[in-house]
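Residues per chain, in single letters:
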Amino acid sequence: MASAAKDLRYNHRNAVYGSLAYDLDRELRERELGHAGEAPLQREVALERPKVRSVSKVQVRQRQHLSAFSVVGFAAVAALAVLVLMSYIQLTALSSETVALKKQLSALETENVTLTAQYERMFDRNSVKEAAEAAGMSKPSSQIYYIDLSDGDSAVVYQQAEPGVLSRLLTSLHHGFYTVVEYFN
């Protein structure tokens, strides 16, 4: 039988079997056929030891102390987290304010266009002429009036009577009271 195991029908590497696929188990079969007729090797089976459950004493860990460095580190991380959160809040407020200002800018630009158109219409010659005629204005006539200023100028100055002590006191109190009221407003 050993000789039959050595003579394989397809002993060369390029053998193609019926399904045109490589026979992946060929080497395993060759090895089994090579050892055909020999007594199988007996392996020694290791005896398993019976499992014995042992109860151990419970060990209690000692209380560990916190180091000052770790406390300061956690406090610094918490402070930085708060600062980052506050900066995000400020960023959100600024961005919402920017959006509001952009809306206001677009409204003001629209109003500017409208007012510029009205302004240009106001200085149109025809509209100015119509507005002047509606107000009762007319073109000046060709009459010219001359005023003779050859006489000397004169001015009349009226002097007020000297105020009394009582009126000066009342005027002074009025100015003082007015000054105090203006200061607190």
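Residues numbered from 1 in each chain as written. Predicted model: local features only at pLDDT ≥ 70, side-chain atom pairs only at ≥ 80, totals over all residues. Heavy atoms only, no water.

1. Re the overall build of the chain
When its secondary structure is counted, the chain shows five helices and zero strands. When the helices and strands of the chain are read in sequence order from the N terminus, they spell out α-α-α-α-α. By residue count, 2% of the 185 residues in the chain fall in the buried class. With the model as given, the accessible surface of the chain reaches about 19900 Å², and the carbon-plus-sulfur share is 60%. (Helix = DSSP H or I, 4+ residues; strand = E, 2+ residues; numbered from the N terminus. Buried < 20%, exposed > 50% of the residue type's maximum accessible area, 1.4 Å probe, protein only. Areas by Shrake-Rupley, 256 points an atom, 1.4 Å probe, with all protein chains shown as cover.)

2. Remarks on a nonpolar patch on the surface
Taken together, the side chains of Val 82, Leu 85, Met 86 and Ile 89 make up a nonpolar region of the molecular surface, amounting to roughly 380 Å² of accessible area. Looking at where Ile 89 falls in the secondary structure, it is placed in helix 3 (residues 68-122). Its relative accessible area of 48% is what places Ile 89 among the partly exposed residues. (Patch = residues over 30% accessible without salt bridge, like charges linked within 9 Å, V, L, I, M, F, W, Y side chains within 5 Å. Salt bridge = Lys/Arg side-chain N within 4 Å of Asp/Glu carboxyl O.)

3. Focus on the confidence of the model for the chain
The predicted model of the chain averages 81 in pLDDT, with 83% of residues at 70 or higher. Within the chain, no element has a lower average pLDDT than helix 1 (residues 2-6), which sits at 52, and none a higher one than helix 3, at 94. (pLDDT = per-residue confidence, 0-100.)

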